[in-house]
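# Geometric and topological summary
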Amino acid sequence: MIPTKATIAVPSEDPKKKKEAEKPEEDGTAANAKKTKEEEKDGEDLSEEDLQLKNELEMLIERLREPNTELYQPALETLRTLIRTSTSSMTSVPKPLKFLHPHYLALQELYETWSPSEDKSLFADILSVLAMTYSDTQPRGTLRYRLLSASFRPASAPLSEPGSWGHEYVRHLAAELGEEYNSREFDEEGVEKVSEENKVPGTVDDLCNLAMQCATFLLQHNAEPDAVDLLEELEIVDRIVDIVDENTYERVCQYMIRCVNLLPPPDDLSFLRTAHSIYAKHHKFPQALSLSIRLGDPALIRTDFNAPANPAMKKQLALILARAGVPKEWLDAPVEDGMEDDESELPEDLLECLSNTRLSAQFKEFGKELNVLEPKSLEDVYKSHLENTRPTTTVDSAKANLAGTFVNAFVNAGFGNDKLMAKAEEGSSWVYKNKDHGMLSATASLGLSLLWDTDEGLSQVDKYTYSAEENIKAGALLATGILNSGVRTEADAALALLGEYVENKALLLKTSAITGLGLAYVGSHREDIMQLLLPYVADESLSMEIACLTSLALGFIFVGSGNGEIASTILQTLMEREDKQLDEKWARYMVLGLALLYLGLQDGSDATIATLKAIDHQISQLAVVLVDMCSFAGSGNVLKVQELLHYCDEHIEKGPKEKKDDKDTTPDEPPKDDTFQTFAVIGIALVSMGEEIGAEMSLRQLNHLMHYGEPAIRKAVPLALGLVSASNPVLPIMDTLSKYSHDSDLQVALNAIFAMGLIGAGTNNARLAQMLRQLAGYYYKEPDCLFMVRIAQGLVHMGKGTLTINPFFNDRTIMSRTAVAGLLATLTAFTEAKGFILDKYHWMLYFLVPAMQPRFLITLDEELNNIPVSVRVGQAVDVVGQAGKPRTISGFQTHTTPVRLGTTERAELATEEFIPFAHVLEGFVILQKNPGWEKEDKMDI
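Residues numbered from 1 in each chain as written. Predicted model: local features only at pLDDT ≥ 70, side-chain atom pairs only at ≥ 80, totals over all residues. Heavy atoms only, no water.

## Digging into a negative patch on the surface
Side chains of Asp539, Glu540, Glu576, Glu578, Asp579 and Asp616 sit close together on the surface and give a patch of like negative charge. Here Asp579 is to be found in helix α30 (residues 579–582). (Patch = residues over 30% accessible without salt bridge, like charges linked within 9 Å, V, L, I, M, F, W, Y side chains within 5 Å. Areas by Shrake-Rupley, 256 points an atom, 1.4 Å probe, with all protein chains shown as cover. Salt bridge = Lys/Arg side-chain N within 4 Å of Asp/Glu carboxyl O. Lys, Arg positive; Asp, Glu negative; His and termini not counted. Charge placed at Lys NZ, Arg CZ, Asp CG, Glu CD. Helix = DSSP H or I, 4+ residues; strand = E, 2+ residues; numbered from the N terminus.)

## Some remarks on the sheet that holds strand β8 (residues 899–900)
The strand order across the open sheet built from 4 strands is β8-β5-β11-β10, with neighbouring strands paired in mixed fashion. On the outer flanks of this sheet lie β8 and β10 (914–916), each paired with one strand and no other. As defined by bridge partners, strand β5 (residues 856–860) adjoins strand β11 (residues 923–929) across 4 bridges and the pair is classed as parallel. Within the sheet, the bridge partner assigned to Thr859 lies in β11 and is Val925. (Pairing = 2+ DSSP bridges.)

## With respect to the sheet that holds strand β6 (residues 870–876)
Taken together, the 3 strands give an open sheet; going across it, the order is β7-β6-β9, and neighbouring strands pair in antiparallel fashion. What marks the edges here is a single partner per strand, and that holds for β7 (889–896) and β9 (905–909). Here the average twist between neighbouring strands, direction ignored, is 30°. (Axes fitted to C-alpha atoms, helices over the stretch in contact; angles between N-to-C directions.)

## A short note on the packing of aromatic side chains
Going through the model one piece at a time under the given rule, you end up with 25 aromatic pairs. Ring geometry for Trp114 versus Phe123: centroids 4.8 Å apart, planes at 50°, classification tilted. Relative accessible area serves as the criterion here: at 10%, Trp114 is assigned to the buried category. Classification of Phe123 by relative accessible area gives buried; the value is 2%. Here Phe363 and Trp452 contribute two aromatic rings whose centre-to-centre distance is 5.4 Å and whose plane-to-plane angle is 90°, an arrangement assigned as edge-to-face. Of this pair, Phe363 sits in helix α19 (residues 359–369) while Trp452 sits in the loop between α22 (436–449) and α23 (454–462), and the two are 89 residues apart along the sequence. Grouping residues by exposure puts Phe363 and Trp452 together as buried. Through pairs of rings, three or more aromatic residues link up here, namely Phe556, Trp586, Tyr589, Phe836, Tyr841, Trp843 and Phe847. Stacked on the ring of Tyr145, the Lys or Arg Arg144 has its end atom at 5.3 Å from the ring centre. Over the ring of Tyr382 we find Arg790; its NZ or CZ atom is 4.0 Å from the centre of that ring. (Phe/Tyr/Trp six-rings, centres within 6.5 Å; stacked < 30°, edge-to-face > 60°. Buried < 20%, exposed > 50% of the residue type's maximum accessible area, 1.4 Å probe, protein only. Lys NZ or Arg CZ within 6 Å of the ring centre and 35° of its normal.)

## What about the pattern of salt bridges?
For the coordinates displayed, the defined rule picks out 27 salt bridges. What you see here is one network of salt bridges that share partners, running through Arg140, Glu179 and Glu180.

## Comments concerning unusual backbone geometry
Omega for the bond connecting Pro265 with Pro266 falls within 30 degrees of zero, at 5°, which places this linkage in the cis form. Mapped onto the elements, Pro266 comes out in the loop between α12 (249–259) and α13 (267–281). Between Thr897 and Pro898 the backbone carries a cis peptide bond, its omega angle lying at 0°. Note that Pro898 resides in the loop between β7 and β8. Positive phi outside glycine occurs at Asn764, with the angle close to 55°. Structurally, Asn764 can be placed in the loop between α40 (746–759) and α41 (766–778).

## Re the nonpolar core
Of all hydrophobic cores here, the largest spans 222 residues; its most connected members are Leu448, Tyr589, Ile805, Met844 and Met852. What Met844 contacts, discounting residues up to four positions off in sequence, is Leu549, Trp586, Tyr589, Thr826, Ala829, Phe836 and Ile837. Listed in part, the 82 residues of the second largest apolar core include Leu46, Leu76, Cys214 and Ile257. (Core = buried A, V, L, I, M, F, W, Y, C linked by side-chain atoms within 4.5 Å. Contact = heavy atoms within 4.5 Å.)

## Section: helix α14 (residues 285–295)
Most of α14 is tucked away: 10 of the 11 residues are buried. Every buried residue of α14 is accounted for by Phe285, Pro286, Gln287, Ala288, Leu289, Ser290, Leu291, Ser292, Ile293 and Leu295. Where α14 is buried, its residues meet α12, α13, α15 (298–306), α16 (311–324) and β3 (814–815). Once α14 finishes, Gly296 follows within two positions and takes phi at roughly 65°, a positive value.

What follows is the structure, given as structure tokens:
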């Protein structure tokens, strides 16, 4: 075997040496280097065909060197055919490229000697393909020759498509296009000159046109992500709308939407807008509408809502808008006069869908289907027979009753049949089992029990509004606000009932009415309520409590609107109030109200932040942090997270042995306020909760902060963990919080217990319930901690497992701004738990109401009646960019609707009997009978 190998090797190299001799001398060194390499390589035996191919290629190159120009064209044509038709395995270099590689430099020199002609264009095209093998020593050669080749062509006979050279060539070209575009420098107007060496010809427009050709090829060959990346790199991603077709648009849009979290602004919004244009072009209305909601653009939402002609599709869109809490006013065409005629344009059934009026009835129906309609008593939740407590309980009974109030309200929320309040016998109402401010929360809990049920609710609450006891009356006002949250009615009862109390002299009634309005009209952007409430922010004679709660209520109502009038009023107030007032614990709510206006607006808050920096008081630092973190809420913006981490590394020296206390400041040098660090920690969670990888990375940062942070930072870490994973009890976070709940610092322990309630809210998680029962035994002597454990138990069983407080919906793609507002307001109360929740402001727990939403899938027919359909429910799987049509859920079970969905679960129809109008099966979904279904059925028989 060995001698034969040697005999073959000699002839394979012999002609090679002759060829080398003929090569131009200048390139001797390179040629020699190549020669030795070639000798090593060609030591392998070449088959007959390979030898023949090699000789043929070398003969063709000889032809190109001859003076006879007649021979050029056929030689080039043959070369092109040989390269194009060479098939090779996926892993090896195509044979013609391998054999032509050593001749590349010589061919380049030969190319330079030719005069411009069509032949030269063809030559450049071939060199462009050969350049792929030289990409390491001569970068962007493929692109250079491709553009040169195009420049020698007459306009009538354009160059062949890049795709005709195969997939690898297009990918190569795409990579070089991106590099070349990034290396070009732009001045203000157009393009600057590039350095002369290694100059790639052609303008940026030429690059873009070539990129479009490559992208078209990539789209036709199932490489949608590559096409999007290429156009993104050349900053022309909006032009992809013209080249996608009905086969590719779905995959392109899915990929683009998944990229949004990873892009820096403003690219993220341009991606959303582009995907929106594609969906709108292909009449995918629900998908387009969900992107408009993410963009928060009233004009786009109106266009999408009015686009479909099918009434059932319109109802489906109305249901999506209602879930997102989009103000109805955005759908009215902006007419200057005669708004009245406009209102009547929306038909009755659409208005009903938009204003969420059927939510309560459907929710109770859902409870009935799941067998949870029966009210749960406190003992059902506490299961205290399982706690190993000692009999000597010295617990404060008023505190225990107060905890009972909240547990009962959260557990039976929305069902309106709890034993303690809604269905209590005359005279034995739970309200009277509480003292003073406890009565306020007890009366308000009625609103939570009757959540969304405007008719029944108002009549039940009404009797308490006539009470002589001020706390009960105030609670009734708050209850009115709570039960109207997220539901719009024609009667506008909340405004009618609460409006008159806003001017009341009594502090309690005034603040309850204002907060009630904030909850009832959360996210509705109602101008008339702004006119009613704004004076209370500006009036300096009023206490900080009133001004700050009013500011928060306006933040709720105008969440994410960037309303300039409210913002300037709050800024003005912050500048004019005395320092002593701004030091109060309430000030953080005024700033939060301002921050909520900019929720999710990203750069929209720049001017406000600049103004805040000018305020000569410590609060300006807190305000800057809050406004900044709200602007980028859920965006996953890495730079913002780093910025917020920087706030946390500042070491703040407190005054001489002085606790942080609002009133207790030394006259000469007040201690530096560190509240801003507390909020910066929550901000890290707020920004990164929008995408899974960021959320996971934030856990590690929070862990570090817990180890090395100051007390102000440590107490916020559990709250941040609760926010990142609201209603989504994952094991690592559960265990971490369990550890923190035994912390020596009671504030950390308190917040950790509350956070355990947040991550398990509405999940009935058995492991969490067990942990909380152990904590109840552990803290049996600490009334504050025990109170918190009870609240957490109430949250875990919220709505008997039918509600969620996770702000993301629609397959976790849209962030509900109203839900985030509710969560932030609640967490703010816990940044100073001793001053708010554990003092007499425990009613602030009701700030969670805007975040509470049912977690169900209910299928309706076109007349909006419930129809039971079998669906598969399983863990959602990310299938973006995968080949073929993989399953979108794993480990599924088949149920009949209505069905409960977990935070990370997804549903799909089990049969093809119905076609859903919505693209995500969640909430209310309208189904249409599949016309082709009957026939298949008959065939099966």
